[in-house]
Amino acid sequence: METPWDQLHTEIQACARCALAQGIRNKVPGQGNRKARLMLIGEGPGAEEDASGLAFVGKAGQLLTKMLAAIDLNREDVFIANVVKCRPPQNRAPLPVEMANCLPFLREQTRLIRPQVILVLGASALQVVLGPDKRITRCRGQWTESKGVFIMPTFHPAALLRDPAKKRDTWADLQAVRDKLAALSKSNA
Ligand code: URA
């Protein structure tokens, strides 16, 4: 029997709502634990992700794995998705219209996973999740609660590779996520 996940992946694979779908090698729906308490949302696939069909497997992804390990999480513990499922050409940021076209897929993923905490990685994801006027430098490190889900924006790992001075703030944000997950487990016990 077709599950909602099967149906979602079929729709993602068939999607041609915008020109991003032309000239890609693979759609990158996102992957991980479908019952994750923590969901991560990045921007969009790069070259390695496009080649493999998997989110966050290039340099930024390797750093993301280390960031998760620093708060005692494996990639298998979390679900990692992107705002857009197709690689934008030359790794440019996705356009607002492209993000809007892809948003129903991210919404459905979030609905199926029902995470307790969402870690928003970088400006594109922030603008999709919390609003187009939001700035990552202002919003990072601050919790927003929406429909019982706790949302923490932080810098994108690619930004940390470009500017290691951002690591200190990002570490503080990750610790806040770790503490929130621990507090939520306690309150549910
Ligand atoms: N950057 C992203 O935002 N997502 C990926 O999957 C890889 C790099």
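Quick note: structure is the one above.
Described in the following lines is the structure provided in the data block. Predicted model only: the values in this text are computed from it and were never measured. (Residues numbered from 1 in each chain as written. Predicted model: local features only at pLDDT ≥ 70, side-chain atom pairs only at ≥ 80, totals over all residues. Heavy atoms only, no water.)

1. Focus: the pairing of strand E6 (residues 149-154)
For the record, the criterion: Relative accessibility decides the category of a residue: with a 1.4 Å probe and only protein chains considered, values under 20% of the type maximum give buried, values over 50% give exposed, and everything between is partly exposed. Strands here mean DSSP runs of E at least two residues long; helices mean DSSP runs of H or I at least four residues long; both are numbered from the N terminus. Note on pairing: two strands pair once DSSP finds at least 2 bridges between them.
Here E6 lies mainly inside the structure; six of its six residues are buried. A two-sided burial pattern is seen for E6, the buried positions comprising Val149, Ile151 and Pro153 on one face and Phe150, Met152 and Thr154 on the other. Relative to E6, strand E4 (residues 117-121) is paired through five bridges, and the arrangement is parallel. Counterpart to Ile118 in the pairing with E6 is Ile151. Examined bridge by bridge, strand E5 (residues 144-146) and E6 share three bridges and lie antiparallel to one another. Bridge pairing in E6 places Glu145 opposite Phe150.

2. A word on the sheet that holds E6
We apply this condition: Every residue pair with non-hydrogen atoms within 4.5 Å of one another is taken to be in contact. An axis is simply a line fitted to the C-alpha atoms; with a helix, the fit covers only the stretch in contact. Between two such axes, the angle follows the N-to-C directions and lies from 0 to 180 degrees.
The six strands are arranged E1-E3-E2-E4-E6-E5 in an open sheet whose pairing can be described as mixed. The two strands at the open ends of the sheet, each matched to only one other strand, are strand E1 (31-32) and E5. The pairing of E1 with strand E3 (residues 79-82) spans two bridges and is classified as antiparallel. The partner of Gln31 across the bridge, within E3, is Ile80. Each of strand E2 (38-42), E4, E5 and E6 touches helix H5 (residues 122-130); the most contacted strand, E4, lies at about 135° to it.

3. Re the packing of helix H1 (residues 4-14) against helix H4 (residues 96-113)
Note the threshold: We call two directions roughly parallel when the angle between them is under 35 degrees, roughly antiparallel when it is over 145, roughly perpendicular when it lies between 65 and 115, and oblique otherwise. What makes a crossing left-handed is the near helix being turned counterclockwise from the far one by less than a right angle; a clockwise turn instead makes it right-handed. Polarity classes work like this: nonpolar for Ala, Val, Leu, Ile, Met, Phe, Trp, Tyr, Cys and Pro, charged for Asp, Glu, Lys and Arg, and polar for all others, with Gly in that last group.
Here H1 crosses H4 at 165°, and the two axes come no closer than 11 Å. The angle between the axes of H1 and H4 places the two elements in the roughly antiparallel class. For the element pair H1 and H4, the recorded crossing hand is left-handed. Of the residues in H4, those in contact with Pro4, Trp5, Leu8, Glu11 and Ile12 of H1 are Phe105, Glu108, Gln109, Leu112 and Ile113. Grouping the constituent residues of the contact of H1 with H4 by class yields seven nonpolar, one polar and two charged.

4. Details of the pattern of salt bridges
Applied cut-off: A pair is scored as a salt bridge if a Lys or Arg side-chain nitrogen falls within 4 Å of a carboxyl oxygen belonging to Asp or Glu.
For the coordinates displayed, the defined rule picks out six salt bridges. A salt bridge links Asp169 to Arg140; its shortest N-O distance comes to 3.6 Å. Here Asp169, found in helix H8 (residues 167-188), pairs with Arg140, found in the loop between helix H6 (136-139) and E5; they are 29 residues apart in sequence, far enough to count as distant. According to the relative accessible area criterion, Asp169 is partly exposed, its value standing at 32%. Residues Asp173 and Arg140 are paired through a salt bridge, measuring 2.7 Å at the closest nitrogen-oxygen approach. Taken together, the residues span a long stretch of sequence, with Asp173 in helix H8 and Arg140 in the loop between H6 and E5 at a distance of 33 residues. By relative accessible area, Asp173 is classed as buried at 2%. One network of salt bridges, with partners in common, ties together Arg140, Asp169 and Asp173.

5. Focus on the nonpolar core
The following threshold applies: For the purposes of this section, nonpolar cores are sets of buried Ala, Val, Leu, Ile, Met, Phe, Trp, Tyr and Cys residues that join through side-chain atoms within 4.5 Å.
Grouped together as the largest cluster of nonpolar side chains are 52 residues, with contacts concentrated most on Leu38, Leu40, Leu119 and Val177. The dominant element in this core, judged by the number of residues it contributes, is H4, at six residues. Excluding residues within four positions of it along the chain, Leu40 makes contact with Leu64, Leu68, Val78, Phe79, Ile80, Ala81, Leu119 and Leu121.

6. Notes on the site of the ligand
The condition is simple: Here a residue is considered near a molecule or strand provided that any single heavy atom belonging to it is located within 4 Å of it. In protein, a polar contact means a hydrogen-donor-capable atom and an acceptor-capable atom, both N or O and within 3.5 Å, with residues adjacent in sequence counting only if both atoms are side-chain atoms; elsewhere, any N or O pair within 3.5 Å suffices. Here the open area of atoms and residues is found with the Shrake-Rupley method and a 1.4 Å probe, where only the protein chains shown may cover a residue.
In the vicinity of the ligand, the contacting residues are Gly42, Glu43, Gly44, Glu49, Ala55, Phe56, Asn82 and His156. Here an oxygen atom of the ligand and a backbone polar atom of Phe56 are 2.8 Å apart. Residue Asn82 places a side-chain N or O atom 2.8 Å away from a nitrogen atom belonging to the ligand. Summarising the interface, the protein chains cover 91% of the accessible area of the ligand, which totals 240 Å² for the free molecule. The residue inventory of the shell around the ligand, partitioned by class, reads two nonpolar, four polar and two charged.

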